[in-house]
Structures are given as C-alpha cells and as structure tokens.
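# Observations on the model geometry
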Amino acid sequence: MNDAPNTSEHERAAAPDRTAHAIENERLTNDIVKALKSVYDPEIPADIYELGLIYRVDISDDGLVEIDMTLTAPGCPVAGEMPVWVKNAVSAVPGVSDVKVNMVFDPPWDQSRMSDEARVALDMW
C-alpha cells in the first residue's frame, strides 16, 4: 500500500534532501542571527539585531549572504565602520561564502523597530 498516494516515488526519494536542506538553512540562519547579535552600536548597550537595524537577510543556496541594514541616525559616527563589523561577524559563520552589506535609510529607523529585549536593556518602556 502506498503511504503517500499523491506523491511520486521520485518526490518521496527527494524528500530527505529537501529536509536536510531545510535543516541546514535553519542552522545557517540561526548562526547568522547569532553573529549579528554580536555586533553592538558603541553608543547604545544593545546589539544591532535587537535594535532593529537589520532590515533584510537573504541567503543564497551557494552561501552568499546579502544584508540590508540601517543606522539609528544617518550621521552615526561609526557609519563607515559598522557595515565592516557586520560583514566580518557574518563571514565567520560556517557555510557563508561571502557577505554583502547594503546600507539603507528607507524606511528610516525609529524606536518602534526595537525588540522587547532592546527596550529592557535601554529601559525604554
């Protein structure tokens, strides 16, 4: 008896590969988030991920990671350095082949983007 009547034999055979790929993608995503959480704005005692400065993280199948990020203010004194810190942190994650960091200012960052964790750290309730 066929346990998956609407699934072809080929699809059933490929399912473990898709599952392994999904598990690896989840691991890679979690490790990238951990790396992003290791980067702090030197003027604010919260990491850039919890501050909501990371707008997008896209991971290609070949390990290229593209990140859109912003700053709390366009005139931030570390504007030139922070993308390098992000690139270096994410580049160290196993499975990442390269990192491209795009600095964006649309939409502008505001405090509503912060996580509850950042609000607690900054006492901003």
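Every value quoted in this text rests on a predicted model; they were computed, and no experiment measured them.

## Comments concerning the nonpolar core
Formed by 28 residues in total, the largest nonpolar core has its most connected members in Ile-32, Ile-67, Val-86 and Val-90. Here Val-86 is in contact with Leu-36, Val-39, Ile-48, Ile-67, Met-69 and Val-101, once residues within four sequence places are set aside.

## Examining the side chain of Asp-41
As for its position among the elements, Asp-41 is in the loop between helix H1 (9-36) and helix H2 (48-51). There is no salt bridge for the buried Asp-41, and the closest opposite charge comes from Arg-113, which lies 13 Å off by N-O distance. Apart from residues lying up to four places away in sequence, Asp-41 is in contact with Ala-46, Ile-48, Leu-51, Thr-72, Cys-76 and Met-82.

## Structural notes on the side chain of Thr-70
Note that Thr-70 resides in the loop between strand S2 (64-69) and helix H3 (82-91). A polar atom in the side chain of Thr-70 sits 2.7 Å from the backbone oxygen of Val-104. Aside from chain neighbours lying at most four places away, what touches Thr-70 is Leu-53, Tyr-55, Met-103, Val-104, Phe-105 and Trp-109.

## Details of the confidence of the model for the protein chain
With 85% of its residues at a pLDDT of 70 or more, the protein chain shows a mean pLDDT of 87. The spread of mean pLDDT over the elements of the protein chain runs between H1, the lowest at 79, and S2, the highest at 98. The low-confidence segment residues 1-5 (pLDDT under 50) makes 4 contacts with residues lying over four places distant or belonging to another chain.

## A look at the sheet that holds strand S1 (residues 54-59)
A sheet is described by the order of its strands in space; here 3 strands give the open sequence S1-S2-S3, paired in mixed fashion. The strands lining the two open edges of the sheet, one partner per strand, are S1 and strand S3 (98-103). Neighbour-to-neighbour, the strand axes of the sheet open up by a mean angle of 15 degrees, direction not taken into account. Bridge count between S1 and S2: 5 bridges; the pairing is antiparallel. In the strand pairing of S2, Asp-58 is matched with Glu-66. Against the sheet, H3 makes contact with S2 and S3, and its axis sits at roughly 155 degrees relative to S3, the strand it touches most.

## Notes on the pattern of salt bridges
Side-chain pairing between opposite charges can occur once the charged atoms of the two side chains come close. Counting across every chain of the model gives 7 salt bridges. Linking Arg-27 and Asp-31 is a salt bridge whose minimum nitrogen-to-oxygen distance equals 2.5 Å. Here Arg-27 pairs with Asp-31, and both are found in helix H1, just 4 residues apart, close to one helical turn. Of the charged contacts in the structure, one is a salt bridge between Arg-56 and Asp-68, with a shortest N-O distance of 3.0 Å. Taken together, the residues Arg-56 in strand S1 and Asp-68 in strand S2 connect sequence positions 12 residues apart. Judged by relative accessible area, Arg-56 falls into the partly exposed class, the value being 30%. A cluster of three or more residues bridged by salt bridges with shared partners is formed by Arg-56, Asp-58, Glu-66 and Asp-68.

Conventions we followed
- Residues numbered from 1 in each chain as written.
- Predicted model: local features only at pLDDT ≥ 70, side-chain atom pairs only at ≥ 80, totals over all residues.
- Heavy atoms only, no water.
- Core = buried A, V, L, I, M, F, W, Y, C linked by side-chain atoms within 4.5 Å.
- Buried < 20%, exposed > 50% of the residue type's maximum accessible area, 1.4 Å probe, protein only.
- Contact = heavy atoms within 4.5 Å.
- Helix = DSSP H or I, 4+ residues; strand = E, 2+ residues; numbered from the N terminus.
- Lys, Arg positive; Asp, Glu negative; His and termini not counted.
- Salt bridge = Lys/Arg side-chain N within 4 Å of Asp/Glu carboxyl O.
- Polar contact = N/O pair within 3.5 Å; in protein donor to acceptor, adjacent residues only side chain to side chain.
- pLDDT = per-residue confidence, 0-100.
- Pairing = 2+ DSSP bridges.
- Axes fitted to C-alpha atoms, helices over the stretch in contact; angles between N-to-C directions.

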